[in-house]
Each structure stands twice: as C-alpha cells, then as structure tokens.
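One letter stands for each residue in the lines below.
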Amino acid sequence: MTSTDTTTTAPAFVPGPATPYQGDIARYWNAEARPVNLRLGDVDGLYHHHYGVGAVDHAALGDPQDSAYEKKLIAELHRLESAQTDVLLDHLGDIGREDTLVDAGCGRGGSSVMAHQRFGCKVEGVTLSSAQADFGNRRAKELGIEDHVRARVCNMLDTPFEKGSVAASWNNESSMYVDLDDLFAEHARFLKVGGRYVTITGCWNPKYGQPSKWVSQINAHFECNIHSRREYLRAMADNRLVPQAVVDLTPETLPYWELRATSSLVTGIEEAFIESYRDGSFQYVLIAADRV
Ligand SMILES: C[S@@+](CC[C@H](N)C(=O)[O-])C[C@H]1O[C@@H](n2cnc3c(N)ncnc32)[C@H](O)[C@@H]1O
Ligand SMILES: CC(C)=CCC/C(C)=C/COP(=O)(O)OP(=O)(O)O
Ligand SMILES: [Mg+2]
C-alpha cells in the first residue's frame, strides 16, 4: 500500500458539534493563530493555550534596551506557561506507564506531551477543533510519541472512554466552555474510583458578589462563560469528586500578566486580567479532587 492509498481505511467518524454554541467554539479555535501562542510554542515545540505561573527571572531577561530582549521575553513567558503545566501535573498523583490520562479541552496538546514526557503514560486529548487536533497529532508524530499521545475531535461532555478506565484527567483552562455538572459527571464516569481530577481555571470570586465588568470582558473576548468558585465546589460535590487541594494561584499568575503587558505580543485582554486579579473579583485557581 502506498501512503496515498486510502481504500483500506475508512475515515474516522467525527460527530458534528452537539450545540450551536459548540459550533461557535470549534470555529473560534479553528481560526485561532495569535502570535502570543505560536511564537511562544516555537521556543521548544510545546504549544499552550493557557497562562503562566511563577516569579519572573529578571536576570535571564537582561537589559530591555538589548536587541535580544524581545526574544528573551518570549522565552520567559513560555517558561512560565510550561511551569503552569508542571504545577497541574504535580497534582495528578502516582501515574504509571500503563495508565491512561485524559486531557479535556486539549488545545494544541502542550500539556498532553508534557504529561507523557513525565509519566511515560498514554494521554488522550479531546478538543472541539479539528485544526487543533491535527496540530497536536502532527506534533506527537514529529516527536515519535504518536502511539502514546493522541488528540481527537470530540465533545468532552460525551467521550468514548470506557467507564472507570482512566487513572487521572484534567481541564487546563477549558472548563469555562461547559456546564460544570455535565462536565464533572463525564469525568466521574470515565475515572477509576480513587482516580484524580485536576482543573486549573479562572473563576469569579463569590466574595466579590457577582461577576465584575472585567470578568464580563474576558467572557466576551473568548466567547466563554466563567463560573464562580462556589459553582466548581458544588458541582464536584454533586459528582463524586472530593477536593483534595484548592490552591489560589492568583499571586503566582500576576507576574506573568504584568510581564506580558510589556511585550509586543499583547492582545488587549491583559488589562482585564490584571485589574480583576488585583480587585479580587477574579481568581486563578487549581482544584485537585479524588474520584470517590
Ligand atoms: C483555552 S484552550 C485550552 C487548551 C489546553 N487545555 C491548554 O492548556 O493549552 C480551550 C480548549 O477547550 C476546548 N473545548 C471547549 N469546549 C469543549 C468541549 N465541549 N469539548 C471539547 N473541547 C472543548 C477548545 O477546543 C480548546 O481546545
Ligand atoms: C483563565 C481564563 C478565564 C481563561 C479562558 C480560556 C482561555 C481562552 C485561555 C487562554 O488561551 P490562549 O492562550 O489561546 O489565550 P491568549 O491568546 O490570550 O494567550
Ligand atoms: Mg496564550
């Protein structure tokens, strides 16, 4: 058979979006090509669609007047985004090479690749975007890990994974696109009893009262629907997910945003994140939960 002979393989069945909203989100991510994501990913081939955590290494950045400064700034923002994934992976518990993990809302697959590189396990990513799934599968092939890391076009509320078959799963900045009860019911279905679920997410702070104007601006910018911290905890409790750790990463992510706001790659959403984190209306949170 030649590489162009397709007669023996039927094309995979890809269902259409479950709702018109999901069609909007698929179109959004199919068209997305912001330099702030592609140029950061080009640093080492890990492509993320999430934000960074940790202190800025000012010594590594050097003098802003230096001609190499912009390149160093991009590398530093990317380092902080990969550090965010490391924090998420730190909370997955003991994962073995034989385990399967699910990356729900996997984007271009950066977190999936890092999980495989750390644990040697299989990682199944799902995204609404065929462009993202193709991109992630192409990267996995280039890295020679396509038998362990795979992305597919699939609604994370209705996945093909068997009941109780998954050791751990996560949503890395992807839970603001779905109803949390539906989301956690699906994770609880495919996770093993004793398995681990982790989310890193932006959520509005019930202590503030209602979503602030900044939160509304972020929702409009990304066409998403940010939930409150209370909604996360309630929906987990209702779906056999018992929080083991709730970590407020807001102070850890602010330096990333303050640095990003000085770069040439700004997208215009920086002020909304900085102001809402500062006024306490919005929080960057990690929740790790046991499937009981
Ligand atoms: C902000 S990106 C995060 C990507 C990735 N988790 C990361 O950290 O790089 C949001 C992702 O959620 C996905 N998504 C949104 N709703 C989804 C759904 N119902 N099913 C599957 N993926 C979904 C989008 O396709 C996109 O890949
Ligand atoms: C914390 C919250 C509320 C996140 C919303 C989800 C989202 C769009 C994340 C970043 O994606 P990206 O990396 O594509 O965005 P950008 O282009 O701004 O870097
Ligand atoms: Mg980004």
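Computed from a predicted structure; not experimentally measured.

**Observations regarding the site of ligand 1**
Working step 1: For ligand 1, the set of nearby residues contains 22 residues, the closest of which are His 49, His 50, Gly 105, Gln 132 and Asn 172.
Working step 2: Here an oxygen atom of ligand 1 sits 2.6 Å away from a polar atom, N or O, in the side chain of Gln 132.
Working step 3: A distance of 3.1 Å separates a nitrogen atom of ligand 1 from a polar side-chain atom of Asn 155.
Working step 4: Relative to its unbound accessible surface of 600 Å², ligand 1 loses 98% to contact with the protein.
Working step 5: Mapping ligand 1 onto the cavity grids shows that it belongs to the largest cavity.
Working step 6: Those elements that provide at least two residues to the shell around ligand 1 are α1 (20-31) and β2 (122-127).
Working step 7: If one sorts the elements of the shell around ligand 1 by residue count, α1 sits on top with 3 residues.

**Regarding unusual backbone geometry**
Working step 1: Positive phi, normally seen in glycine, also occurs at Glu 173, with a value near 55°.
Working step 2: Considering the arrangement of structural elements, one finds Glu 173 in the loop between β4 (166-172) and α7 (180-190).
Working step 3: For Glu 223, which is not glycine, the phi torsion reads 60° and is therefore positive.
Working step 4: Here Glu 223 lies in the loop between α8 (213-222) and α9 (229-237).
Working step 5: Here Glu 223 falls in the partly exposed class, since its relative accessible area comes to 35%.

**Digging into empty space enclosed by the protein**
Working step 1: Under the criterion given, the structure shown has 2 cavities of 30 Å³ or more.
Working step 2: Of the voids in this model, the largest cavity is the one considered here, and its volume is about 680 Å³.
Working step 3: Trp 29, His 49, Glu 173, Ser 174 and Tyr 177 are, among the 46 residues lining the largest cavity, the residues nearest its centre.
Working step 4: Counting only elements with at least two residues in the lining of the largest cavity, the list comes to α1, α2 (35-41), α5 (110-119), β2, β5 (191-204), α8, α11 (270-279) and β7 (282-291).
Working step 5: Here the lining of the largest cavity gets 4 residues from one element, more than from any other, and that element is α1.
Working step 6: When its residues are assigned to classes, the lining of the largest cavity shows 22 nonpolar, 19 polar and 5 charged.
Working step 7: Reported here for the second largest cavity is a volume of approximately 90 Å³.
Working step 8: Considering the residues around the second largest cavity, the lining is formed by 16 residues, among which Arg 108, Gly 109, Val 113, Gly 136 and Val 149 are closest to the centre.
Working step 9: Those elements that place two or more of their residues in the lining of the second largest cavity are α5, α6 (130-142) and β3 (149-153).

Rules used throughout
- Residues numbered from 1 in each chain as written.
- Chains lettered and ligands numbered in written order.
- Predicted model: local features only at pLDDT ≥ 70, side-chain atom pairs only at ≥ 80, totals over all residues.
- Heavy atoms only, no water.
- Near = heavy atom within 4 Å.
- Polar contact = N/O pair within 3.5 Å; in protein donor to acceptor, adjacent residues only side chain to side chain.
- Areas by Shrake-Rupley, 256 points an atom, 1.4 Å probe, with all protein chains shown as cover.
- 1 Å grid on protein atoms, 1.4 Å probe; cavity = no way out; pocket = protein on both sides within 12 Å on 5 of 7 lines; lining within 4 Å.
- Sits in = over half its atoms within 2 Å of the grid points.
- Helix = DSSP H or I, 4+ residues; strand = E, 2+ residues; numbered from the N terminus.
- Buried < 20%, exposed > 50% of the residue type's maximum accessible area, 1.4 Å probe, protein only.
- Points joined across faces, edges and corners; volume = space filled by probe spheres on them.
- Nonpolar A, V, L, I, M, F, W, Y, C, P; charged D, E, K, R; others polar.

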